[in-house]
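# Observations on the model geometry
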Amino acid sequence: MPSTAPATIPSAAPSAAPPTAIACDIFCAVIDNFGDIGVCWRLARQLASEHGWQVRVFVDDLHAFQKLCPSVALDRARQTVGGIVVEHWHTPAHAGDTLEVADVVIEAFACELPPVYVSAMARRERAPVWINLEYLSAEDWVADFHLRPSPHPRYPLVKTFFFPGLGLGTGGVLKERHLDAARAAFEASPAAREAWWLKTVGRAPPPAAATVVSLFAYENLAVDSLLEQWRDRAEPVVLLVPEGRISGALARFFGMPSFSAGAHAECGGLRAHGLPFTEQSSYDALLWASDLNFVRGEDSFVRAQWAGKPFVWHIYPQADDAHLPKLDAALAHYARTLPADARAALAGFWHAWNGAGEPDWAALRRHHPALQRRAAEWAGELAQVGDLAGNLALFTKTQLK
Ligand code: TRH
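Residues numbered from 1 in each chain as written. Predicted model: local features only at pLDDT ≥ 70, side-chain atom pairs only at ≥ 80, totals over all residues. Heavy atoms only, no water.

## Details of the overall build of the chain
Threshold: Elements are defined by DSSP. Helices are runs of H or I of four residues or more, strands are runs of E of two residues or more, and each kind is numbered from the N terminus. This radius of gyration counts C-alpha atoms alone. The globule rule is 2.2 Å times how many residues there are, raised to the power 0.38. Type-normalised accessible area, obtained with a 1.4 Å probe on protein chains alone, sets the label of each residue: buried when under 20%, exposed when over 50%, and partly exposed for intermediate values. Two residues form a contact once any of their heavy atoms are found within 4.5 Å. Accessible surface is estimated by sampling points in the Shrake-Rupley manner with a 1.4 Å probe; for residues, cover comes only from the protein chains shown. When charges are counted, Lys and Arg are positive and Asp and Glu negative, with His and the chain ends excluded. In this description, the location of a charge corresponds to atom NZ of lysine, CZ of arginine, CG of aspartate or CD of glutamate.
Scanning the chain from terminus to terminus reveals 15 helices and 14 strands. Here the C-alpha atoms of the chain give a radius of gyration of 22 Å, agreeing with the 21 Å that 2.2 N^0.38 yields for 401 residues. Counting only C-alpha atoms and orienting by the principal axes, one finds that the chain spans roughly 70 × 45 × 40 Å. Relative to its full complement of 401 residues, the chain shows a buried share of 55%. In the chain, 68% of the contacts between residues at least 6 apart in sequence involve partners at least 24 apart. When the accessible area of the chain is evaluated, it comes to approximately 16,900 Å², of which 55% is carbon and sulfur surface. Each charge class in the chain was averaged separately, 35 positive and 43 negative side chains, and the resulting centres sit 4 Å apart.

Written out as structure tokens, the structure is:
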């Protein structure tokens, strides 16, 4: 075992795809934040590096993309990043410099494909496999709708709905083949952990008695109460906060003008550090270095599950509280085998973090050993559903035969 393990997942650097490689176009419209492009980019990298596909990503917001992938140039209409072609999808009608239709066309999150591209799909000698990749939901109905075909009203084309999910019969969630090994190497190497702390936080790792918490969340009314609880408890908490939407609350709490990357503050038992928003492949190490992770949206929510550590999910809020059944559906999977008291503490905390009630840190901490055991067990259960990229590649191959 090497003394230092890599703290980043090696990014996809596919060797030049052979001419017979499956060509795949992924269309991604960024609604807000980083989850849309986060999921698409992770999928693109996996299809290229693990399945040898020749992938092109159409994305309408290069700024959001560059945050996850700093080598993206903002001013290029077309560029190749890690072997993947990136097209700036600058208008809804734009379909690339030359209109080439791929073997597999992935429309992410029901974004609308350019009409000229759809008509070219219909003219193609062999119709492409057309996938609508949906948002992740843990609800039961997802398995019934996964892989349902939807014929186009005018063209001889069929679109298939591909539903990520946490249960059997769904498309699963993304998981790279090397992920578990990378995590295990990080966790087994005190030198890797120390190097990560020095590089990322600018400090040596804290003593084992401290609870390390990573905090990635939207603005959240419960955060002040939680910061107070951390401040007032005897047991020390070390808080790692990638700069973003929650940073303003930290600044207010500590009476600072801002709480961006490089900020440090201390109050009672709480010590907090502002971190830079890292490249996507480096985010996992933050989850591995922490004892408990606050995550949000879709992709960080999935990464926290693979990290095998207890986590708290700030779900993306939707109109009419449509997100709340999704939160409970995820809890039903994740907390399924927990003892009733630990399950109640976790559910109460997740609900409070999503707007209902006060977060009770002491209760969550009390059940940490049970939550830790369940987190590891759950990662194993989730792996049974299969990796989304692998499931998608398998399905498309049956269609391309
Ligand atoms: O950013 P998100 O809230 O994204 C979304 C969008 O809001 C989208 O519209 C919504 O529908 C969807 O959630 C459900 O959260 P998410 O999905 O976790 O995406 C964040 C991405 O940022 C993820 O790929 C991890 C990455 N990331 C980094 O690369 N570096 C970092 O430092 C951090 C904190 C995250």
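Additional details are given in the paragraphs that follow.
## Looking at the site of the ligand
Short version of the rule: Residues are classed as near a molecule or strand on a simple rule: at least one heavy atom within 4 Å of it. Whenever two N or O atoms come within 3.5 Å, that pair is a polar contact, provided that in protein one can donate a hydrogen and the other can accept it, and provided that, for residues adjacent in sequence, both atoms are side-chain atoms. Definitions used for this entry: grid spacing 1 Å over protein atoms alone; cavity, a set of points where a 1.4 Å probe fits but cannot get out; pocket, an open set with protein on both sides within 12 Å along at least 5 of 7 lines; lining residue, one with an atom within 4 Å of a point. Molecules are considered to sit inside a cavity or pocket once more than half of their atoms lie within 2 Å of its grid points. Think of it as three bins: nonpolar holds Ala, Val, Leu, Ile, Met, Phe, Trp, Tyr, Cys and Pro, charged holds Asp, Glu, Lys and Arg, and polar takes everything else, Gly as well. Domain ranges listed in this record stem from an automatic or a database domain assignment.
Around the ligand there are 23 residues in total, and D32, Y218, T278, D299 and S300 lie nearest to it. Within the side chain of S300, an N or O atom sits 2.6 Å from an oxygen atom of the ligand. Calculation on the ligand without its partners gives an accessible area of 710 Å², and the protein chains cover 97% of this total. Placement of the ligand is best described as lying within the largest pocket. Contributions of two or more residues to the shell around the ligand are made by α1 (35-51), α9 (280-289) and α10 (299-307). For the shell around the ligand, the leading source of residues is α1, giving three residues. Considered class by class, the residues forming the shell around the ligand number ten nonpolar, seven polar and six charged. Looking at the shell around the ligand, you find at least three residues from each of domain 1 (23-173 + 386-400) and domain 2 (179-383).

## Here we look at the layout of surface pockets
Rule in force here: Grid points are joined across faces, edges and corners, and a volume is the space filled by probe spheres set on the points.
When its volume is computed, the largest pocket comes out at roughly 1,000 Å³. Every residue lining the largest pocket is counted, 49 residues in all, and those nearest its centre are G35, R296, E298, D299 and S300. Elements supplying a minimum of two residues to the lining of the largest pocket: α1, α6 (190-200), α9, α10 and α11 (323-334). Considered class by class, the residues forming the lining of the largest pocket number 25 nonpolar, 13 polar and eleven charged. For the lining of the largest pocket, the two domains that each supply at least three residues are domain 1 (23-173 + 386-400) and domain 2 (179-383).

Keep in mind these values describe shape, not function.
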